[in-house]
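# Tertiary structure, described
The lines below spell out each chain.
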Amino acid sequence: MAERIGVYVCHCGSNIAGVVDVVQVAQWAAGRLKHRGVIIARDYKFMCSSLGQELIEQDIKELGLTRVVVAACSPHLHEQTFRNACARAGLNPYLCELVSIREQVSWVHTDKVAATEKAKAVTSGGVERVLWDEPLEPLRVPIHPATLVVGGGIAGIQAALEIADGGHRVYLVEREPSIGGHMAQFDKTFPTLDCAACILTPKMVSVGMHPNITMMTWSEVEKVEGYVGNFTVTVRQKARCVKTDLCTGCGVCEEKCPKKVVDNVFEAGLGYRKAIYTPFAQAVPKYPVIDRENCTYFQKGTCKACEKFCPTGAIDFSQQDELITLQVGNIVLATGFDLFDSRRIPQYGYGRLANVFTSLEFERMCNAAGPTNGNVVLRDGLTAPKTVGIIHCVGSRDKNFNNYCSAICCMQSLKFAHIVKERTGAEVYNFYIDMRTAAKAYDEFDQRVRDEGTHVIRGRAAEVTDAARMPGEEGKLIIQAEDTLIGRQRRIPVDMVLLAAGLEPRRDAKQTAQLFGLSCSADGWFIEKHPKLDPVATMTEGIFIAGCVQGPKDIPNSVVQGAAAAARVQGRIQQKEISLEPVRASINEHRCSGCRICNNLCPFNAILFHDDRMVSEINPALCQGCGTCVAACPAGAISGTVFSNEQILAQIQGLLMLNLNGGRVEELVAA
């Protein structure tokens, strides 16, 4: 054989060596695969360690190795480690194969003899595959210094400020009239009980005043084209019907508008707003918008009170939506969450029993700027409750709805208990499944609330009803629940029930994922590149995620992830260009029939069709090497780099040990 191959088998402590006879595998490879080009085979306790990598580098230099096979853990973890080791020794990194004998052998077998034989087969397959590897060079892509941040909640705000403070242009797109997200609706934040507006508003103002941030509220992304470093994004700027260069934010238009509508967004249905409005007093930007669906002028062609009374003539009913094209190098998605619809659990009575409130409704109720001026009252707007029940995990940790934990409900419910006690002195009952207070100062807050006299009952509430069965229940809401700590059923009459509704992906999360070329989990959250080692990147290069778009999290974790995404983006910008894996698909134009099957299947929109030549072409900067088009092409015109038919077939023949019978593998691959 012309090639000189080195095989390196890792013990991985006892992860592999506890089940596989690693020494025997290395000795077998040196003897039985010698005719396939293996000139050295070694075993080492931790091949990924510095000493293990130096061993490979030394053999490449001294023995003139032209190919390397490492039998260790998953390529997903350490392929780059060993490629870098080869590159340092002067060998093209793409002439290194990593085969998994940890995840695919030792972790799934208990029979040591069988596991050792399987490890030999996997190693054999790697040797045959590496013979077909070709030297490759990474793709170099320049990075545009501007960044798009989608979502103006706390995670998006943090990401935008971090990048802008680094001296780079940021476009912040928010679909609502103001930035702030859900945090702007809250009264207090746990566990410190800071005023949410007091800590959020300065950041909102910083965004609005920052010279490097272009804020685009009342806007939505409609189209995303291009690839990492060179995205072309089309944003629809919805018509405010207000000339922002003339508007002073005085509020006269809102004051004079005669049309009042229920505010189902910011006030969660508890309050009213006008047809022309700013969502809240501290809104950024300060300019109002006209709700065309409820504006009398747009419905009947009359009124125009706002225009008549506007002192600066800023009202413009003729404004139309505008499409704006942006050039950016990276994108941060921070589109947040939706609240679970508590009506989906009818036994809790929300929407049917008047004094059952959701967590967001209570947030607005206890906010000093809310519809009740911060007074905790029943639906009549006057009566303060004397007993309050708080039910945790509504829509969360429930196989009928969402099986996951929503992360914030326990602490949010404890915060509610404290606020109710503080403002009304009412008796408070918290019904929980498990109390999850794992972060800094969270458990101390739990103890504080208990010490204040809150009754904490362990057990899922079964029902909220107004059907009285016992004395003292007349005119009350009765919570039927199991108390697992005392082992009995309990019926507790209360005046008010608060439902700690769980967090869900945005209703349009799947459409958003498709727009940006991402994937969603079964629950609907965006999927990160790696759940532990890369939680802010995605499988689409240049697109990052932050905050609750990835999964439920509280404010501190959302801020952390927003800052982390910003750090990744700034690192890319400072590099000015990025190296992309050359693992890409390519099309043989002479074999392409122009059927366009691949165009419709590509999840990254990386395939273009040339009408003049009736052939398809793959943009290597967009392609992620997933192989969908390779498998789908009926003409076999598409091949995948590093995953060619020859490489895969050779590996299969090696796994079947057919390479031990002379030079038969090449004949089978050719056939």
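Please refer to the structure higher up on the page.
Here goes a summary of the coordinates provided. Predicted, not measured: the structure shown is a model, and the values here were computed from it.

The helix and strand inventory of the chain stands at 18 helices and 34 strands. The principal-axis extents of the C-alpha atoms in the chain amount to approximately 90 × 70 × 45 Å. Considering the chain as a whole, with its 671 residues, one finds that 53% of them fall into the buried category. In the chain, 69% of the contacts between residues at least 6 apart in sequence involve partners at least 24 apart.

Attention now goes to the pairing of strand β22 (residues 427–432). Across the 6 residues that make up β22, a large majority, 5, are buried. In this fold, strand β21 (residues 387–394) hands off to helix α11 (residues 409–424), which returns the chain to β22; that crossover is right-handed. As paired elements, β22 and strand β23 (residues 455–458) share 4 bridges and run parallel to each other. Note that in β23 the partner of Tyr432 across the bridge is Arg458. Once you follow β22 into helix α12 (residues 442–451) and on to β23, the crossover reads as right-handed.

Taking 1.5 Å as the rise per residue, helix α4 (residues 112–130) with 19 residues should run 27 Å; its terminal C-alpha atoms sit 27 Å apart, in good agreement. With 14 of 19 residues buried, α4 is to be regarded as a mostly interior element.

Moving on: the pairing of strand β25 (residues 477–483). Where burial is concerned, most of β25 is hidden: 6 out of the 7 residues are buried. Judged from the 4 bridges that link them, strand β24 (residues 461–465) and β25 form a sheet pairing that is antiparallel. Across the sheet, residue Ala461 finds its bridge partner in β25, namely Ala481. As defined by bridge partners, β25 adjoins strand β26 (residues 488–494) across 7 bridges and the pair is classed as antiparallel. Within β26, the position partnered with Ala481 by the bridge is Arg490. The hairpin turn running from β25 into β26, its antiparallel successor, is 4 residues long, and Gly487 in that turn takes a positive phi close to 70°.

What counts, and at which threshold
- Residues numbered from 1 in each chain as written.
- Predicted model: local features only at pLDDT ≥ 70, side-chain atom pairs only at ≥ 80, totals over all residues.
- Heavy atoms only, no water.
- Helix = DSSP H or I, 4+ residues; strand = E, 2+ residues; numbered from the N terminus.
- Buried < 20%, exposed > 50% of the residue type's maximum accessible area, 1.4 Å probe, protein only.
- Contact = heavy atoms within 4.5 Å.
- Right-handed = clockwise from strand over helix to strand, strands pointing away.
- Pairing = 2+ DSSP bridges.
- Expected span 1.5 Å × (residues − 1).

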